[in-house]
Amino acid sequence: MIRLRPAYADDVAALAKLGTATFTSAFGHLYSSKNLASFLAQTQSESRIASNIADPAVLYCLAEDTANGNLVGYCKISTNIGLDYDPGSTGAIELSQLYLDDSQFGTGLANQLMDWVISKARKRNCGEIILSVFSENFRAQSFYHHYGFEHIADTIFMVGDHCDAEFLYRLTLTD
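Please read all numbers here as calculations on a predicted model, not as lab measurements.

Reading the values: the criteria
Residues numbered from 1 in each chain as written. Predicted model: local features only at pLDDT ≥ 70, side-chain atom pairs only at ≥ 80, totals over all residues. Heavy atoms only, no water. Helix = DSSP H or I, 4+ residues; strand = E, 2+ residues; numbered from the N terminus. Rg over C-alpha atoms; globule rule 2.2 N^0.38 Å. Buried < 20%, exposed > 50% of the residue type's maximum accessible area, 1.4 Å probe, protein only. Lys, Arg positive; Asp, Glu negative; His and termini not counted. Charge placed at Lys NZ, Arg CZ, Asp CG, Glu CD. 1 Å grid on protein atoms, 1.4 Å probe; cavity = no way out; pocket = protein on both sides within 12 Å on 5 of 7 lines; lining within 4 Å. Points joined across faces, edges and corners; volume = space filled by probe spheres on them. Nonpolar A, V, L, I, M, F, W, Y, C, P; charged D, E, K, R; others polar. Core = buried A, V, L, I, M, F, W, Y, C linked by side-chain atoms within 4.5 Å. Contact = heavy atoms within 4.5 Å. Axes fitted to C-alpha atoms, helices over the stretch in contact; angles between N-to-C directions. Left-handed = near helix turned anticlockwise from the far one by under 90°. Pairing = 2+ DSSP bridges. Phe/Tyr/Trp six-rings, centres within 6.5 Å; stacked < 30°, edge-to-face > 60°. Expected span 1.5 Å × (residues − 1).

Undergrad: Even after reading the chapter, I still don't get the overall build of the protein chain, so can you show me in this structure?
TA: Helix and strand content of the protein chain: five helices and seven strands. In terms of overall size, the protein chain behaves like a compact globule, its C-alpha atoms giving a radius of gyration of 15 Å where 175 residues would be expected to give roughly 16 Å. Expressed as a percentage of the 175 residues in the protein chain, the buried residues total 46%. The protein chain carries 12 positive and 20 negative side-chain charges, and their two centres are separated by 6 Å.

Next up, the structure:
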């Protein structure tokens, strides 16, 4: 059974390990070892994750296997918009990570995490959710389209000194 819960300071090491493993599994083959290592050091270091957990603008939702206590997925949202996007007065929340262990694909866990994201955005009175998605990640694009996200712009995503073409997606929340 999978339980969704917030992240705590004692989750830092497990979250860094899962974030590194899931990103590497999905995208590691696209990058040189130098670029991948640089990116992971920036985004999945324990110090970065600890800082994010302590930041009140950032929220994690962890998916924990209750049988063994292992993390099998997570998502991270923030009201600090890091993408090249100005939400104006609508208020936005950025979904910057929604990662699953390979064993969780097709289980519905991604839907549970996305439902959590939408719920938190509504509770924070955000008018929209934004994210960027790799231009060749068709599975993720289909998932986001299912939830009503729309492609609003092209953007880039840097992994070390490697530049990826990405799409900026937005979900407008209505009451």
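Undergrad: Explain the layout of surface pockets here, please?
TA: In this approach a probe as big as a water molecule rolls over the atoms, and the regions it shows empty are the leftover space. Here the largest pocket is characterised by a volume of approximately 1400 Å³. Taken together, 50 residues make up the lining of the largest pocket; nearest its centre are Ser96, Gln97, Leu98, Tyr99 and Ser132. By residue number, the principal contributor to the lining of the largest pocket is strand 4 (residues 92–100), which donates seven residues. Its residues assigned to classes, the lining of the largest pocket shows 24 nonpolar, 18 polar and eight charged.

Undergrad: Explain the nonpolar core here, please?
TA: Counting 29 residues, the largest nonpolar core has Leu95, Leu98, Met114, Ile129, Tyr144 and Phe149 as the members making the most contacts within it. In terms of residue count, the dominant contributor to this core is helix 4 (residues 109–123) (eight residues). With near-sequence residues (within four places) excluded, Leu95 lies in contact with Cys75, Lys76, Ile77, Met114, Val117, Ile129, Ile130, Leu131 and Tyr144. In this structure, Leu18, Tyr31, Leu40 and Phe134 belong to the second largest nonpolar core, which totals 20 residues.

Undergrad: Would you take a moment to explain the packing of helix 1 (residues 12–27) against helix 3 (residues 46–54) for this structure?
TA: Two numbers describe how helix 1 lies on helix 3: the axes approach to 9 Å, and their chain directions differ by 115 degrees. The handedness of the crossing between helix 1 and helix 3 is right-handed. From helix 1, Val12, Ala13, Leu15 and Ala16 reach across to helix 3, where they touch Glu46, Ile49, Ala50 and Ile53. Taken together, the residues of the contact of helix 1 with helix 3 break down into seven nonpolar, no polar and one charged.

Undergrad: In this structure, what is going on with unusual backbone geometry? I would like to understand it.
TA: Excluding glycine, residues mostly have negative phi values, and the peptide bonds linking residues are mostly trans. Here Asn125, not a glycine, exhibits a phi torsion of approximately 55 degrees, which is positive. Position of Asn125 among the secondary structure elements: in the loop between helix 4 and strand 5 (128–134). A residue is classified by how much of its surface remains accessible, and Asn125, at 67% relative accessible area, is exposed.

Undergrad: What am I meant to see in the sheet that holds strand 7 (residues 162–172) here?
TA: Within a sheet, each strand pairs with its neighbour through backbone hydrogen bonds, oriented either parallel or antiparallel. Read across the open sheet, the seven strands follow the order 1-2-3-4-5-7-6; overall the sheet is mixed. The strands lining the two open edges of the sheet, one partner per strand, are strand 1 (2–6) and strand 6 (150–159). Each strand of the sheet is rotated relative to its neighbour by a mean of 25 degrees, with strand direction disregarded. Inspection of the sheet shows strand 5 paired to strand 7 by seven bridges, in the antiparallel sense. What sits directly across from Ile129, in strand 7, is Leu171. Sitting on the sheet, helix 1 is in contact with strand 2 (58–65), strand 3 (71–78), strand 4, strand 5 and strand 6, with an inclination near 95 degrees to strand 3.

Undergrad: What should I look at first to understand the packing of aromatic side chains in this one?
TA: Two descriptors summarise a pair of aromatic rings, namely the distance from one centre to the other and the angle between the planes of the rings. Overall, the coordinates contain twelve aromatic pairs when judged by the stated rule. When the centroid spacing of 5.2 Å and the interplanar angle of 50 degrees are considered together, the rings of Phe23 and Phe27 count as tilted. Taken as a pair, Phe23 and Phe27 lie in helix 1 at a separation of four residues, close to a single helical turn. Members of the aromatic cluster, each reached through a chain of ring pairs, are Phe23, Phe27, Tyr31, Phe39, Tyr60, Tyr74, Tyr99, Phe134 and Phe157.

Undergrad: Sorry if this is basic, but what is going on with helix 4 here?
TA: Quick reminder: α-helices carry 3.6 residues per turn. Residues three or four places apart thus point the same way. The terminal C-alpha atoms of helix 4, which comprises 15 residues, lie 21 Å apart, in line with the 21 Å expected from a rise of 1.5 Å per residue. When we look at burial in helix 4, the residues that qualify are Leu109, Ala110, Leu113, Met114, Trp116, Val117, Ile118 and Ala121. Directly beyond the C-terminal end of helix 4, a positive phi value near 55 degrees is found at Asn125.

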